[in-house]
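# Working through the structure, step by step
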Protein chains: 2
Amino acid sequence: MSHDHSSCCGGHGDHHGHAHDSSGTEAHADLSGPPEAPILVEVTRGGMVESVHRGRACIVDSDGRVLAQWGDIQAPVYPRSAVKAIQAIPLVETGAFDAYGLSDQELALACSSHNGEIRHTRLAEAWIKRIGLTVNDYECGAHLPTDPDTAHEMIRHGETPTAFHNNCSGKHAGFLTTALHKGEPTKGYVRFDHPVQQRILGVTEQMTGQDLSHAPWGVDGCAIPTIGIPLAAIAYAMARIGDPKDLPDSRAEAVTRIRRAWRAHPYLIAGKGAFDTAMMQAAGGQVLVKGGAEAVGVAVLPKQGLGIALKIDDGTPRAREVALAALIRATKALPDEMWTRAEQLLTQRVTNRNGLEVGVVRAAEGLGA
Amino acid sequence: MSHDHSSCCGGHGDHHGHAHDSSGTEAHADLSGPPEAPILVEVTRGGMVESVHRGRACIVDSDGRVLAQWGDIQAPVYPRSAVKAIQAIPLVETGAFDAYGLSDQELALACSSHNGEIRHTRLAEAWIKRIGLTVNDYECGAHLPTDPDTAHEMIRHGETPTAFHNNCSGKHAGFLTTALHKGEPTKGYVRFDHPVQQRILGVTEQMTGQDLSHAPWGVDGCAIPTIGIPLAAIAYAMARIGDPKDLPDSRAEAVTRIRRAWRAHPYLIAGKGAFDTAMMQAAGGQVLVKGGAEAVGVAVLPKQGLGIALKIDDGTPRAREVALAALIRATKALPDEMWTRAEQLLTQRVTNRNGLEVGVVRAAEGLGA
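Just so it is clear, the structure is predicted and the values come from calculations on it, not from any experiment. Counting starts from 1 at the beginning of each chain's written sequence and moves along it residue by residue. Written order decides the labels, with chains lettered from A and ligands numbered from 1. Given that the model is predicted, a residue must reach a pLDDT of at least 70 before its local features are reported, and side-chain atom pairs must reach 80 or more before they are shown or counted; all residues, however, enter totals for whole chains, interfaces and linings. The side-chain figures draw on all heavy atoms in the structure; neither hydrogens nor water molecules are used.

## Brief notes about the overall build of chain A
Scanning chain A from N- to C-terminus turns up 16 helices and 13 strands. Only protein chains enter the accessibility calculation, which uses a 1.4 Å probe; a residue whose area is less than 20% of its type maximum is buried, one above 50% is exposed, and one in between is partly exposed. Evaluated residue by residue, chain A yields a buried proportion of 62% over its 369 residues. Contacts in chain A between residues at least 24 apart in sequence constitute 65% of all its contacts with a sequence separation of at least 6. A 1.4 Å probe and the Shrake-Rupley method give the accessible areas. Residues count as covered only by the protein chains that appear here. Taken as a whole, chain A presents about 13800 Å² of accessible surface, with 50% of it coming from carbon and sulfur. For the purposes of this entry, the term helix denotes a DSSP run of H or I that reaches at least four residues, the term strand denotes a run of E that reaches at least two, and both are numbered from the N terminus. Here a residue-residue contact requires only that any non-hydrogen atoms of the pair lie within 4.5 Å.

Structural data, given as structure tokens:
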């Protein structure tokens, strides 16, 4: 498969190496379409592979070295919710977080794509109340909770979902808190040119080592901008969250607080039955993971100073989950026993309507399967 | 792109040409993985393409000539629910259908993957009652209706879904009817070796022109076998449903009755908001379409004697829908005005949680976009 181990770039002595620089010398064939991404995940049924998922991925260290890569990792990818930890940096760094006396739980919720379970929405409600705002100040829109049990409970009681149920309500509470603290208008905080989003853009440029002033961008599901960033640079930023040795002191401190909150509250990051929560719980805090819409995934291995970034080309969640587990396993950072215990993270069952297993979703051979 | 127009095979005089034979002379590179499938569908967001869907497709006539193809159309594909019209042939051909005095509505429901709306489930309930069975004779399992309004209504009333709500309940009613009529045990009718499924296997072999005795197979979501069949052969079978000139009289008659029921009742085939229903309604009966799980799609153009078959490699429904519309348009069988009126079939909006359009799902350039 297209599985290269490129050690490279930036040299061992260059601690300011950027993932972007690190493989900038790579020649790319001039294809009319995008270069072929390798098959990362297979879906079987009975006697054959029924569907496949192609994608791109890389493992990068905090010096910006690409330790392993699959497919084109220089093309821009919308990271969507996978970079909520980066988007939370200004909340801490501006002092907004401390000024409002918030706790690690709120910080974890700011980094989350939560299920909309009671313990997520109550936390968001209390937070918004504490900063003196109401649900009407949210500009993220509403949707039924991702958790089906909670959604069904609401339907049974004739309840209408609010912005608190939006899986991004913690992140948006962080945006509102930062705007208030900085004396900026809260209205329009989701817009590309609002100071809240511009501040995040600057932080993202610094964390990824990218000039994003001409990067393609789009509007995310929750109405904020999502910026196209090379996958290698996203992984590099994740490595730096795990090992912020090159960051200025105040940023290193903010990143460390965010990382600890992310690690301490895996349930707040997603919730019941969610891959991200289950993966972090199984790993006992040795790895932090986060998914984004359209099948983006990241992982941070703080002890090893590694970052992982992944994009499944077709945007399918099942493939993101299985591939991310396989990539984490490929780092050998976690003990084999853990993978034996948590086998369902690497191989998802495909069942029929009678609940019988009729196939599996599994990493493809080239992905360390 | 990998877009070949291969006219071929079987010769104009050979009306018994099979799609399999028709391109059996094509050389396939000996790759370790599957050959690359072209990008058929793009998903945009703001300034760039966010996700892509690769797949394979072909347009075949009732002589087995491949008029257009994208990617490898000889590799086996599980057709899933896309071939329900073929699976309904024994219901008519055995005389079971007439013996129980069933109507075109039941026949359409046998070909459907319905939404589980009241008008679908009532029809299935009445059918099962008419043949003297109960919901307990179904072996397809249950799931909440595909239609969210109906599902929410059931949740509000604390109702538990039954096999009638299973999107395959019409097809299974057909299986049960055939078994009863032939004096076969109804118990176990979903099993590979049950006469009902063996009869369908034989019909499928004849319709597709394939020896399927060594074909890979798996268990479908509704517990029946799904058989791996080359995409070209699936399209050929669809062309023959549209133009059964080479079929034995009794089969041609059965196929014609099925085609008419399929055409007459687009709402029963799927339901509210469903692509298959909307496409057929927009085309005013000039094309019949049917999707299957894991993004298989077929279309029949009776007047032109053409069949279309499509498999999106990653199994994503949005891509199946848009690609199937683009393939139908590529045949030029339908007037341009129709496509202008039904533009949403070719280009699906991607919206954020505030309902604003932030991107589109559209056919890729190579697919006649």
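Let's pick the thread back up.
## Some words on the layout of surface pockets
Any empty space left between atoms is shown by rolling a water-sized probe over those atoms. Put simply, the largest pocket is a space of about 1700 Å³. Lining the largest pocket we find 42 residues, and of these Thr 146, Ala 293, Pro 317 and Glu 321 of chain A together with Arg 353 of chain B sit closest to its centre. In this classification, the charged set is Asp, Glu, Lys and Arg, the nonpolar set is Ala, Val, Leu, Ile, Met, Phe, Trp, Tyr, Cys and Pro, and all remaining amino acids, among them Gly, are polar. Taken together, the residues of the lining of the largest pocket sort by class into 11 nonpolar, 18 polar and 13 charged. Within this scheme a cavity is a closed region of a 1 Å grid, computed over the protein atoms alone, that accommodates a 1.4 Å probe without allowing it to escape, whereas a pocket is open but has protein on both sides within 12 Å along at least five of seven lines; lining residues each have an atom within 4 Å of a point. Around the second largest pocket, the lining is made up of 42 residues, and of these Asn 167, Gly 292, Ala 293, Glu 294 and Pro 317 of chain B lie nearest the centre. Listed by contribution, the elements that provide at least two residues to the lining of the second largest pocket are strand S2 (39–45) and strand S12 (347–351) of chain A together with helix H13 (275–282), strand S9 (288–292) and helix H14 (317–330) of chain B. Class assignment for the residues of the lining of the second largest pocket results in 13 nonpolar, 15 polar and 14 charged. Grid points are joined across faces, edges and corners, and a volume is the space filled by probe spheres set on the points.

## Digging into the packing of aromatic side chains
The description of an aromatic ring pair rests on the distance of the ring centres and on the angle between the ring planes. All names here are of chain B. The pairing test for Phe, Tyr and Trp rings, Trp by its six-membered ring, is centres within 6.5 Å, and the orientation test on the planes gives stacked under 30 degrees, edge-to-face over 60, and tilted for anything in between. Scanning the entire structure with this criterion turns up 6 aromatic pairs over all chains. Ring geometry for Phe 175 versus Tyr 189: centroids 6.3 Å apart, planes at 55 degrees, classification tilted. Linking Phe 175 in helix H8 (residues 169–181) with Tyr 189 in the loop between H8 and helix H9 (195–208), this pair joins segments that are 14 residues apart in sequence. A relative accessible area of 3% means that Phe 175 is categorised as buried. Judged by its relative accessible area of 0%, Tyr 189 is buried. Centre to centre, the rings of Phe 192 and Trp 217 are 4.2 Å apart; their planes meet at 25 degrees, and the pair counts as stacked. Pair noted here: Phe 192 is in the loop between H8 and H9 and Trp 217 is in strand S6 (residues 217–219), with a separation of 25 residues, a long-range link. By relative accessible area, Phe 192 is classed as partly exposed at 29%. For Trp 217, a relative accessible area of 34% corresponds to the partly exposed category.

## Some points on the pattern of salt bridges
One speaks of a salt bridge when a side-chain nitrogen belonging to Lys or Arg is within 4 Å of a carboxyl oxygen belonging to Asp or Glu. Scanning the entire structure with this criterion turns up 36 salt bridges over all chains. Across the pair Asp 63 of chain A and Arg 65 of chain A runs a salt bridge, and its minimum N-O distance is 2.9 Å. Looking at Asp 63 of chain A, the relative accessible area reads 6%, which means it is buried. Judged by relative accessible area, Arg 65 of chain A falls into the buried class, the value being 14%. Two residues, Asp 193 of chain B and Arg 191 of chain B, come together in a salt bridge whose shortest N-O distance is 3.8 Å. By relative accessible area, Arg 191 of chain B is classed as exposed at 53%. Three or more residues joined by partner-sharing salt bridges are found here, namely Arg 45 and Glu 50 of chain A together with Arg 80 and Asp 220 of chain B.

## Brief notes about the interface of chain B and chain A
If you look at the interface, chain B gives 48 residues, while chain A gives 48 residues. Two parts lose some accessible area (1.4 Å probe) when they are put together, and adding that loss for both gives the buried area. Regarding the contact of chain B and chain A, the summed buried area is about 3700 Å², with carbon and sulfur atoms giving 53% of it. Scanning the region where chain B abuts chain A turns up 4 salt bridges. Notably, a salt bridge pairs Arg 80 of chain A with Glu 50 of chain B, separated by 3.0 Å at the nearest N-O pair. In the analysis that follows, any N or O atom pair within 3.5 Å is treated as a polar contact, provided that within protein one partner can donate a hydrogen and the other can accept it, and provided that, for residues neighboring in sequence, both atoms belong to side chains. Across the chain B-chain A interface, the total number found is 31 residue pairs in polar contact (both at pLDDT 80 or more). Mapped onto the side of chain B that touches chain A, the elements with two or more residues apiece are strand S2 (39–45), strand S3 (48–61), strand S5 (76–77), helix H7 (148–156) and S6 of chain B. Tallying contributions element by element places S3 of chain B first for the side of chain B that touches chain A, with 6 residues. Classifying every residue of the side of chain B that touches chain A by side-chain character gives 17 nonpolar, 17 polar and 14 charged.

## Concerning the pairing of strand S13 (residues 357–363) of chain B
Residues and elements named next belong to chain B. Taking burial as the measure, the 7 residues of S13 include 5 buried ones, the bulk of the element. DSSP bridges decide pairing: two strands pair if at least two such bridges lie between them. Of the strand pairs in this sheet, S2 and S13 are connected by 3 bridges, and their pairing is antiparallel. Residue Val 41 lies in a different strand from S13, and its bridge partner there is Ala 363. The turn joining strand S12 (residues 347–351) and S13, which pair antiparallel and follow one another in sequence, is formed by 5 residues; a positive phi near 80 degrees is taken by Gly 355.

## Focus on the packing of H8 of chain B against H9 of chain B
Residues and elements named next belong to chain B. Every axis in this analysis is a line fitted to C-alpha atoms, fitted for helices over the stretch in contact. Angles between the N-to-C directions lie between 0 and 180 degrees. Interaxial distance between H8 and H9 falls to 10 Å at its minimum, and their mutual angle equals 105 degrees. The angle between H8 and H9 falls in the class roughly perpendicular. Listed contacts from H9 to Phe 175, Thr 178 and Ala 179 of H8 are Val 196, Gln 197, Arg 199 and Ile 200. A per-class count over the contact of H8 with H9 returns 4 nonpolar, 2 polar and 1 charged. Note that the term roughly parallel is reserved for angles under 35 degrees, roughly antiparallel for angles over 145, roughly perpendicular for angles of 65 to 115, and oblique for everything else.

## Some points on the relation of the copies chain B and chain A
Alignment of the copies relies on least squares applied to C-alpha atoms, considering only residues that score at least 70 for pLDDT in both. In the superposition of chain B on chain A (RMSD 0.0 Å, axial shift 0.0 Å), the rotation amounts to 180 degrees. Both copies of the chain, as the preceding transformation shows, are related through a two-fold rotation axis. Measuring from the rotation axis to each C-alpha of chain B, the shortest distance belongs to Arg 156 of chain B, at 2.1 Å. A shared binding surface is used by both copies, with 100% of the interface residues of chain B retained as interface residues in chain A.

## Overview of the environment of Ala 163 of chain A
With respect to the secondary-structure elements, Ala 163 of chain A resides in the loop between helix H7 (148–156) and helix H8 (169–181). Other than its neighbours up to four places away in sequence, Ala 163 of chain A contacts Val 135, Tyr 138, Cys 140, Gly 141, Ala 142 and Ser 169 of chain A.

## Brief notes about H14 of chain B
Residue and element names in this part refer to chain B. Look at H14: 20 Å from first C-alpha to last across 14 residues, which is about the 20 Å you get at 1.5 Å a residue. A large share of H14 lies buried, amounting to 11 of its 14 residues. One or two positions beyond H14, positive phi appears at Lys 332, with a value near 60 degrees. Given a helix with a known number of residues, its expected span is that number minus one, times 1.5 Å.

## Observations concerning the side chain of Ser 81 of chain B
Residue and element names in this part refer to chain B. Among the structural elements, Ser 81 can be located in the loop between S5 and helix H2 (84–87). Since its relative accessible area comes to 8%, Ser 81 is described here as buried. At 3.3 Å, the side chain of Ser 81 forms a polar contact with the side chain of Lys 84.

## Quick notes on H8 of chain A
Residue and element names in this part refer to chain A. Counted at 1.5 Å a residue, the expected span for H8 with its 13 residues is 18 Å, and the 18 Å between its end C-alpha atoms agrees. In terms of residue burial, H8 counts as a mostly covered element, since 11 of its 13 residues are buried. What H8 keeps buried is the set Ser 169, Gly 170, Lys 171, His 172, Ala 173, Gly 174, Phe 175, Leu 176, Thr 177, Thr 178 and Ala 179. In the core, the buried residues of H8 are packed alongside helix H2 (84–87), helix H3 (89–93), helix H4 (96–99), helix H5 (104–110), helix H6 (118–130) and helix H9 (195–208). Of the residues trailing H8, Gly 183 is marked for its positive phi of about 70 degrees.

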